[in-house]
Structures are given as structure tokens and as C-alpha cells.
Amino acid sequence: MLVSIGPARRFSAAERAVVKRFVENGGRLICMVGAEEARASNDLLAEFGFHVPPSPVPPGENVRETVPMTTLKAYRTRYLELDGYDVFMRCYAPWPVECSGEDHGVLKRDMKGVPVIVINPVGAGSVTLIGDTHFASNANLAAEFDDDGDNARFWRWLLSGFSGEVWIPPKPKPTAEPADEGA
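Residues numbered from 1 in each chain as written. Predicted model: local features only at pLDDT ≥ 70, side-chain atom pairs only at ≥ 80, totals over all residues. Heavy atoms only, no water.

## Observations regarding the environment of Ile119
Here is step 1 of the chain: Looking at the element boundaries, Ile119 is found in strand S8 (residues 115-122).
Here is step 2 of the chain: By relative accessible area, which is 21% here, Ile119 ends up partly exposed.
Here is step 3 of the chain: Sequence spacing of Ile119 and Cys99 is 20 residues, and the spatial spacing of their C-alpha atoms is 8.7 Å.
Here is step 4 of the chain: In this structure, Ile119 is in contact with Phe50, His104, Gly105, Leu107, Ser126, Val127, Thr128 and Phe162, ignoring residues within four places of it in sequence. (Helix = DSSP H or I, 4+ residues; strand = E, 2+ residues; numbered from the N terminus. Buried < 20%, exposed > 50% of the residue type's maximum accessible area, 1.4 Å probe, protein only. Contact = heavy atoms within 4.5 Å.)

In C-alpha cells, the structure reads:
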């Protein structure tokens, strides 16, 4: 497994070739890239049919600037549909991602249906693109706003799928109804 988190410099042609061969031969690549870091990663991502629209866009450049997505508390969308319940995850600073791969799957969309996390099979391996450079950072995994362990369950589910034995999150316990104050 290779994890790339918002690199500051572009991958060279030789590095891209090594990563591509690694994935095609069964490797798993997970890239966490927001729009601010997209320029350094887009050449590598293009090798696998991905693109993250960059931001900011300097004057004179003929590229439409992408729009940042909503705040993290509004980000509770399904990544896995189970029988009778939903399991959620949250993003810290999400940006839209694009994938032209024919067999790609969207693992997470924003409230308007825009892809934020996409997986694309490549040869015997796969590439997962997360449009949030900080998705695996302590700021995003902190119990302060993820007190249900949602993101930890997402990571366990995602990584277990690479081994062939997918871990299914347990059904959440029902929340207690508030006591009737008039009784």
C-alpha cells in the first residue's frame, strides 16, 4: 500500500511510472489531495483517470477555479448502504474530485451529489482518491467532532476491502428517547 498526502512537489515521470507499475501489479494507492495541493498531484492522478480541480487559480490561467465544499458538521453522508441502517463519515476540508475511469466507484458524495471519495480499479490494484488532504490527520480523526468513531469505521471498512475480507460496521445502537418533561 502506498499513501500520498498532499505532496508539495510534482512526481517525476520516473516516479509516476514506478507507482503505475506498482498499482497495476496489485498495489493499493490512496491519495488525499485537496484543491490547494492539486497541482503537485494531478500528473500522477491523471495516470489513473483522476483529476482534482486546483485552487487558487492565478490570473491569466484559463482554468475554472473549483468551489470549496461545506463545513465538516454538514458532512454526514453514506459511504456504505447496509440493510436497515447507514454508516457515516466526515471530512475536514473536502473538495470535489473527478474520475474518468470506466469502472470507478464513488464512496462519498457531498450534499449535492458531487464526488469527494472515488476508487478506481487499475490492473490488479486500485487507486482511491480522497478530495481532502487532511482526511487522515488528527484534526479530522479527533473525538471532538467524531465522537461516534465514524471515520475510524470508514478506514477499517476501506482497508479491510483491500484484503478481500470486507469488515462490515456493526449496526448502531438506538438512541434513547428524551424523557417527557410533563410526566
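## Thoughts on the pairing of strand S9 (residues 125-130)
Here is step 1 of the chain: With six of six residues buried, S9 is to be regarded as a mostly interior element.
Here is step 2 of the chain: Of the two faces of S9, the one lined by Gly125, Val127 and Leu129 and the one lined by Ser126, Thr128 and Ile130 are each fully buried.
Here is step 3 of the chain: By the bridge criterion, five bridges tie strand S2 (residues 28-32) to S9 in an arrangement that is parallel. Residue pairing in the sheet places Met32 in a bridge with Ile130 of S9.
Here is step 4 of the chain: Bridge count for S8 against S9 is six bridges, and the pairing is antiparallel. The residue bridging Ile119 from the neighbouring strand is Thr128, located in S9. (Pairing = 2+ DSSP bridges.)

## Notes on the confidence of the model for the protein chain
Reading fine detail from the predicted coordinates is not recommended where pLDDT is low.
Here is step 1 of the chain: Put simply, the protein chain has an average pLDDT of 80, and 73% of its residues get 70 or more.
Here is step 2 of the chain: Throughout residues 71-78 the model reports pLDDT below 50, and contacts reaching past four residues in sequence, or to other chains, amount to 30 contacts. (pLDDT = per-residue confidence, 0-100.)

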